[in-house]
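One-letter residues, chain by chain:
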Amino acid sequence: MNPRPTVQNAVTLITISGEDKPGISSSLLGALAEHNATILDMGQAVIHETLSLGILVQVPTKDSWKSVSKELLFRAYELDLKIKFQPVKSDEYEHWISEQGKARHIITVIGPTLKASHIAQLCDITHKHGLNITVITRLSGRPHLNEVFSSDTSACIEMHVRGTSPDPNDMREEFLQLSHETGVDIAFQEDNVYRRNRRLVVFDMDSTLIQAEVIDELAIEAGVGELVAKITEQAMRGEISFEESLNQRLALLEGLDQSALESAYKRIDLTDGADTLISMLKHLGYKVGLISGGFTYFANRLKERLGIDYIFAHDLEIVDGKLTGNITNEVIDGAKKAEILTQIAKEEGIVLDQVIAVGDGANDLPMLSLAGLGIAFQAKPVVRENAEQSLSTVGLDAILYLIGVRDR
């Protein structure tokens, strides 16, 4: 085995700033190429046509560095750029190398608008827990000035951080508290091979993919809306079991004419961003599933409308055109949702880390905890507190930010 080469003192960090224009990288890197420089690291950002470029280089000898630095100064002058050289000692370089073994995570911050106070408080938390921010990227599009404070737009930045918090649970609680106080969503996830290699997204239906609880809509048709809605809320908060709540509510629908299913469907709207999200997921090659404690009549309509690949829901028993107050298949409670999620992943030949699960109720927690990315969407407090990730301030299509998709 060849010995590791010794790092010479001619390692230098070059930082360049100024108005962005074509040919900058070509000119500066050309000068480095003429002197046989090795690029050890490189990063660039452009904000409002202003360039910030950093290049960590090593040249064969100190004498050759004298020549290349003069050439770089001349070319920077020609391009009207500011350039700075910072020598890097061998021990400093080795310390930088050692940092690459640290745990990596991604923090995604999403809200209608993002203010300096939001980001400042977030940075305070990351610093407190020993995390170092290495990259910050904007994922949302560039807003016009008259859109900056519009409720119809969203802003998102993505932070790459290194390090391990001594108390991850405490850090997560601080993120949740900050999210509650500021009205922005904060997601913290491991930066691993699965983040950009997920292949399946499964959704709850009621109050997740659609802006309604279908059983509540049927109850309105039956004239028992308030009573059924109260039972639904108890179940979503985890106060009674899903199966118990389902049986109570179904019993109140006995005798309802099956035509009420279509009447209820016509009143139901998709959740904001749902069609955009699923269209993009399908474009990216994802399979999409719907695992619901609702009913197949509505799930099938959504399957046709959105191109969903898998649906699992309850089959209402209908006799002589009337609902009997029963279902004809197994109850899909929280445990069953997790079982179905595992079944779909197995059929698709993927591991659970490649699955995204989205839901809002307590009965969704088992599948959210199984998935590589479990998201509580506009969920009850008990669900937000127990799910790994939570989105409450933006549309469903903000999930695309969590997998690194930019607006553009």
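Residues numbered from 1 in each chain as written. Predicted model: local features only at pLDDT ≥ 70, side-chain atom pairs only at ≥ 80, totals over all residues. Heavy atoms only, no water.

A. Geometry of the overall build of the chain. The helix and strand inventory of the chain stands at 15 helices and 16 strands. Taking 2.2 N^0.38 as the reference for a compact globule, 408 residues should give roughly 22 Å; the C-alpha atoms of the chain span a radius of gyration of 27 Å, well beyond that estimate. Evaluated residue by residue, the chain yields a buried proportion of 47% over its 408 residues. Taking the intrachain contacts of the chain between residues at least 6 apart in sequence as the baseline, contacts between residues at least 24 apart amount to 70%. Charged side chains of the chain number 39 positive and 59 negative; the gap between the two group centres comes to 8 Å. (Helix = DSSP H or I, 4+ residues; strand = E, 2+ residues; numbered from the N terminus. Rg over C-alpha atoms; globule rule 2.2 N^0.38 Å. Buried < 20%, exposed > 50% of the residue type's maximum accessible area, 1.4 Å probe, protein only. Contact = heavy atoms within 4.5 Å. Lys, Arg positive; Asp, Glu negative; His and termini not counted. Charge placed at Lys NZ, Arg CZ, Asp CG, Glu CD.)

B. Examining the sheet that holds strand E16 (residues 389-391) more closely. Here six strands make up an open sheet; going across it, the order is E11-E10-E9-E14-E15-E16 and the pairing parallel. Only two strands of the sheet have a single neighbouring strand rather than two, namely strand E11 (310-314) and E16. If you compare each strand with its neighbour and ignore which way they point, the axes differ by 15 degrees on average. Of the pairings in the sheet, the one linking strand E15 (residues 373-377) to E16 comprises three bridges and is parallel in character. Bridge pairing links Ala 376 to Ser 390 in E16. Running over the sheet, helix H11 (residues 296-306) touches strand E10 (287-295) and E11 and is turned about 155 degrees from E10. Strands in contact with helix H12 (residues 334-348) are strand E9 (200-203), E10, E11 and strand E14 (355-359); relative to E10, the strand with the most contacts, it is inclined by about 155 degrees. (Pairing = 2+ DSSP bridges. Axes fitted to C-alpha atoms, helices over the stretch in contact; angles between N-to-C directions.)

C. Here's a closer look at the packing of helix H1 (residues 24-34) against helix H2 (residues 62-78). Running from N to C, H1 and H2 point in directions that differ by 165 degrees, and their axes come no closer than 9 Å. In terms of orientation, H1 and H2 fall into the roughly antiparallel class. Between H1 and H2 lies a crossing of right-handed hand. Between H1 and H2, the residues in contact are Ser 27, Leu 28, Gly 30, Ala 31, Leu 32 and Glu 34 and Val 68, Glu 71, Leu 72 and Arg 75, respectively. Of the residues contributing to the contact of H1 with H2, the split by class is five nonpolar, two polar and three charged. (Parallel < 35°, antiparallel > 145°, perpendicular 65-115°, else oblique. Left-handed = near helix turned anticlockwise from the far one by under 90°. Nonpolar A, V, L, I, M, F, W, Y, C, P; charged D, E, K, R; others polar.)

D. Fine view of the environment of Ser 207. Looking at where Ser 207 falls in the secondary structure, it is placed in the loop between E9 and helix H6 (214-222). A residue is classified by how much of its surface remains accessible, and Ser 207, at 23% relative accessible area, is partly exposed. Counting along the chain gives 166 residues from Ser 207 to Leu 373, while the straight-line C-alpha distance between them is 19 Å. Excluding anything up to four places from it in sequence, Ser 207 contacts Ala 212, Glu 213 and Asp 360. A distance of 2.8 Å separates the side chain of Ser 207 from the side chain of Glu 213, its partner in a polar contact. (Polar contact = N/O pair within 3.5 Å; in protein donor to acceptor, adjacent residues only side chain to side chain.)

E. Looking closely at the sheet that holds strand E1 (residues 11-19). Ordered in space as E2-E3-E1-E4, the four strands form an open sheet in which the pairing is antiparallel. Two strands close off the open sheet at either side, each with one partner strand: strand E2 (38-47) and strand E4 (82-88). With strand direction ignored, the average angle separating the axes of adjacent strands in the sheet is 15 degrees. In terms of strand pairing, E2 meets strand E3 (residues 50-58) through nine bridges, oriented antiparallel. For Val 46, the partnering residue across the bridge sits in E3 and is Leu 51. Of the strands in this sheet, E1, E2 and E3 touch H1, which is tilted by about 15 degrees from E3.

F. Representation of the confidence of the model for the chain within the structure. Mean pLDDT for the chain: 91, with 96% of residues reaching 70 or above. Note on residues 1-8: pLDDT under 50 across the span, and nine contacts to partners over four residues away in sequence or across chains. (pLDDT = per-residue confidence, 0-100.)

G. Just the nonpolar core, in detail. Of all hydrophobic cores here, the largest spans 59 residues; its most connected members are Phe 203, Leu 209 and Phe 298. Residues within four places of Phe 298 in sequence aside, it is in contact with Met 205, Val 214, Leu 218, Leu 261, Ala 264, Tyr 265 and Ile 268. (Core = buried A, V, L, I, M, F, W, Y, C linked by side-chain atoms within 4.5 Å.)

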